[in-house]
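Residues per chain are reported as follows:
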Amino acid sequence: MAKSYQISYTEPFSYEKCFNALYRSEDEILYRLEHQRIYRLINVGGNYIPVVISEGFDHILVETEHELKETEISYLTQYIQNWFDLNKDLSPFYQLLQKDNSLAHLPEQLHGLRIVGIPDVFEAICWSIIGQQINLTFAHKLKRRLIEHYGTKVEWNGMELHHFPSPEAMMEIDEVYLHSTQQFSRSKLKYLKNVAEAFSSGEISREKLLSLPTFEERQNLLTSIKGIGVWSANYTLMKAMNQPEAVPYGDTGLSQALFNLGIIDDRKDIKSMERFFEDFSGWEAYLVFYLWSSL
């Protein structure tokens, strides 16, 4: 590789656990995982750049064949920091977990695991819509079909690397084709176009969300778009914005994990879940991610 960059992280951090958390489905094509290396196509200011991410001695190593400007290196660094939440100090979270007998095993079992996010807000919202009311396996198949038809593809060193469709590309999707041959519901396609239009017009963007001072205002902006409910908004704010309060209540995996640990007796008892999360203020999203991982 022509260029390499080091990105530091705050301990405790486990590259191995984050790497393992990335494997969700054989249909995942937004990155490739091989021999503890992550291959991904990242859009840096309109340039789609293949990068290789691996573990260094006390840092993340990023390699690329492109000569990058300082601003591009800065963007790439921030993207990867957001993806793996590298600057978070988990020590206070682990202290909270150890105070609860039902959760005290998690700091050891998942030591160093970060929220593996979705740095692109548009992608995160679209993924939450694609996954609505279907199982995860089928959701990954639908996402793959959408990316293959409307995303960006680069041939690089004998492999294909893909990038999620842009809002402009999503606005041009053929709803008849995707519904009749690719198993997308008509409502999902309408909602995806609604989100694409909101991003293309500037109604929603990462910058606009960051400019809003409260979680509620960010949530309200997202849910103002038809097709984005509270679950989708919270999932997006959790995975793309590192929003601590963003708990996707009603998520089946979350309910199952709480039930398995004996924290709730009824998987539909949202009030009991809300009361439980009150003791983890500032770490709610992390607790969700660790509960998912405990499954």
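Residues numbered from 1 in each chain as written. Predicted model: local features only at pLDDT ≥ 70, side-chain atom pairs only at ≥ 80, totals over all residues. Heavy atoms only, no water.

Draft legend 1. Highlighting helix α2 (residues 70-84). Here α2 is 15 residues long and its end C-alpha atoms lie 21 Å apart, about the 21 Å a rise of 1.5 Å per residue gives. Burial in α2 covers these residues: E72, I73, L76, Y79, I80, W83 and F84. Each buried residue of α2 lies within a common arc of 125° when the element is viewed along its axis, so the set occupies one face. Seen from the buried face of α2, the exposed residues on the opposite side, beyond 90 degrees, are E70 and T71. Against the buried residues of α2 lie β1 (3-7), α1 (15-22), β2 (31-34), β3 (37-44), β4 (47-55) and β5 (60-64). Looking one or two residues beyond α2, the residue adopting positive phi is D85, at roughly 45°. (Helix = DSSP H or I, 4+ residues; strand = E, 2+ residues; numbered from the N terminus. Expected span 1.5 Å × (residues − 1). Buried < 20%, exposed > 50% of the residue type's maximum accessible area, 1.4 Å probe, protein only. Arc of directions from axis to C-beta. Contact = heavy atoms within 4.5 Å.)

Draft legend 2. Up close: unusual backbone geometry. The residue after E11, namely P12, is reached through a cis peptide bond having omega -5°. Along the polypeptide, P12 turns up in the loop between β1 and α1. The residue H35 is not glycine, and still its phi comes out positive at about 50°. With respect to the helices and strands, H35 occurs in the loop between β2 and β3.

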